[in-house]
Amino acid sequence: MAIEIAIETPLQDDLRGLVTELNETLLELTPPEHCYHLTVEQMAGEDTTVFIARDNGLAIGCGALKHHDGAIGEVKRMYIRPSHRGQKIGAKIVERVEALARNEGLKRLVLETGDRHPAAWTVYERAGFSRCGPVLDYPDSEWSVFYEKSL
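Since this is a predicted model, take the numbers as computed values, not measurements. Here the residue numbering is sequential within each chain, running from 1 through the sequence in written order. Since the coordinates come from a predicted model, pLDDT governs what is reported: local features require at least 70, and pairs of side-chain atoms require 80 or more to be given and counted, while whole-chain, interface and lining totals use all residues. Excluding hydrogens and water, the side-chain figures rest on all heavy atoms present in the structure.

Draft legend 1. Representation of the overall build of the protein chain. Counting from the N terminus, the helices are the DSSP runs of H or I reaching at least four residues and the strands are the DSSP runs of E reaching at least two. Scanning the protein chain for helices and strands turns up four helices and seven strands. Only the C-alpha atoms count toward the radius of gyration. The rule for a globule is 2.2 Å times the residue count to the power 0.38. Its C-alpha atoms give the protein chain a radius of gyration of 14 Å, near enough to 15 Å, the size a compact globule of 151 residues would have. Seen through its C-alpha atoms, the protein chain measures out along the principal axes to roughly 40 × 35 × 30 Å. The buried label goes to any residue with under 20% of its type's maximum accessible area, the exposed label to any with over 50%, and the partly exposed label to all in between, with areas taken from a 1.4 Å probe on protein chains only. With 151 residues in all, the protein chain has 46% of them scored as buried. A contact between two residues is defined here by any heavy atoms of the two lying within 4.5 Å. Considering only residue pairs separated by 6 or more positions, the protein chain has 65% of its internal contacts joining residues 24 or more positions apart. Only the protein chains shown count as cover for residues, and all accessible areas are computed by the Shrake-Rupley method using a 1.4 Å probe. Summed over its atoms, the accessible surface of the protein chain is roughly 7700 Å², and 50% of this surface lies on carbon and sulfur atoms. Averaging the locations of the 17 positively and 24 negatively charged side chains of the protein chain gives two centres separated by 6 Å. Neither His nor the chain termini are counted; the positive set is Lys and Arg, and the negative set is Asp and Glu. Note on charges: their place is set at NZ of Lys, CZ of Arg, CG of Asp or CD of Glu.

Draft legend 2. The arrangement of the sheet that holds strand E7 (residues 144-150) in detail. Two strands are said to pair when DSSP picks up at least two bridges between them. Taken together, the seven strands give an open sheet; going across it, the order is E1-E2-E3-E4-E5-E7-E6, and neighbouring strands pair in mixed fashion. A single partner strand is all that each edge strand has here, and the edge strands are strand E1 (3-7) and strand E6 (130-132). In this sheet, neighbouring strand axes are inclined to one another by 25° on average, regardless of whether the strands run parallel or antiparallel. Note on geometry: axes are lines fitted to C-alpha atoms, helical ones only across the stretch in contact, with angles between N-to-C directions running from 0 to 180 degrees. Helix H3 (residues 89-103) rests against E1, strand E2 (48-55), strand E3 (58-68), strand E4 (72-80), strand E5 (108-114) and E7 of the sheet, and its axis sits at about 30° to E3. Set on the sheet, helix H4 (residues 118-126) makes contact with E4, E5, E6 and E7; between it and E5 the angle comes to about 165°.

Draft legend 3. Local environment of the layout of surface pockets. Size it by volume and the largest pocket reaches roughly 990 Å³. Around the largest pocket sit 41 residues that line it, and Met78, Tyr79, Ala119, Ala120 and Tyr124 are the ones nearest its centre. If you list the elements that add at least two residues to the lining of the largest pocket, you get helix H1 (13-29), E4, H3, E5 and H4. Using a 1 Å grid laid over the protein atoms alone, points where a 1.4 Å probe fits but cannot get out form a cavity; open sets with protein on both sides within 12 Å along at least 5 of 7 lines form a pocket; any residue with an atom within 4 Å of a point counts as lining. Grid points are joined across faces, edges and corners, and a volume is the space filled by probe spheres set on the points.

Draft legend 4. Region of the structure containing the environment of Arg116. Within the secondary structure, Arg116 sits in the loop between E5 and H4. Exposure remark for Arg116: the relative accessible area of 45% places this residue in the partly exposed category. Sequence separation of Arg116 and Ser144 is 28 residues, and the distance between their C-alpha atoms is 8.7 Å.

Draft legend 5. The environment of Leu106, seen in detail. With respect to the secondary-structure elements, Leu106 resides in the loop between H3 and E5. Along the backbone, Leu106 and Glu8 are 98 residues apart, and their C-alpha atoms lie at a distance of 21 Å.

Draft legend 6. How the structure looks around the pattern of salt bridges. A pair is scored as a salt bridge if a Lys or Arg side-chain nitrogen falls within 4 Å of a carboxyl oxygen belonging to Asp or Glu. According to the stated counting rule, one finds 10 salt bridges in the structure shown. In this structure, the salt-bridge partner of Glu41 is Arg16, at a minimum N-O distance of 2.9 Å. Separated by 25 residues along the polypeptide, Glu41 in helix H2 (residues 40-43) and Arg16 in helix H1 bring together distant segments of the chain. A relative accessible area of 46% places Glu41 in the partly exposed class. Note that Glu21 is salt-bridged to Arg81, the shortest N-O span being 2.9 Å. Of this pair, Glu21 sits in helix H1 while Arg81 is found in the loop between E4 and H3, placing the two residues 60 residues apart along the sequence. For Glu21, a relative accessible area of 25% corresponds to the partly exposed category.

Written out as structure tokens, the structure is:
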């Protein structure tokens, strides 16, 4: 397979579909009030860079880097379609997010993920992230797991 990962605008019909799929998947596992989704319009903001994984042109995964004050970057909107899981595509997107964060002079990456997402935990832990307490303005919740990595 020819998987390509590139920075793209999320304001494309196929990416809107991918984000809708991501949101539906998260809502199956987490109550809506504990889901912290960015809309595609928010993802298209100047403070966010979106990486899209494509398999021969088909959008099959995404991830984003959102900038915050204090040289902090947040990993957001990580998702790989079920048909392409287990191929380390998520790990490659995280590598790209981290490389961009380093290149832009960020000092720390943080993220929030769900308490029922062990596959995601594996991706982040293999990438050198460590569990931590709540980050940014996220509430401390039984539904959330937080990670950080110094750059």
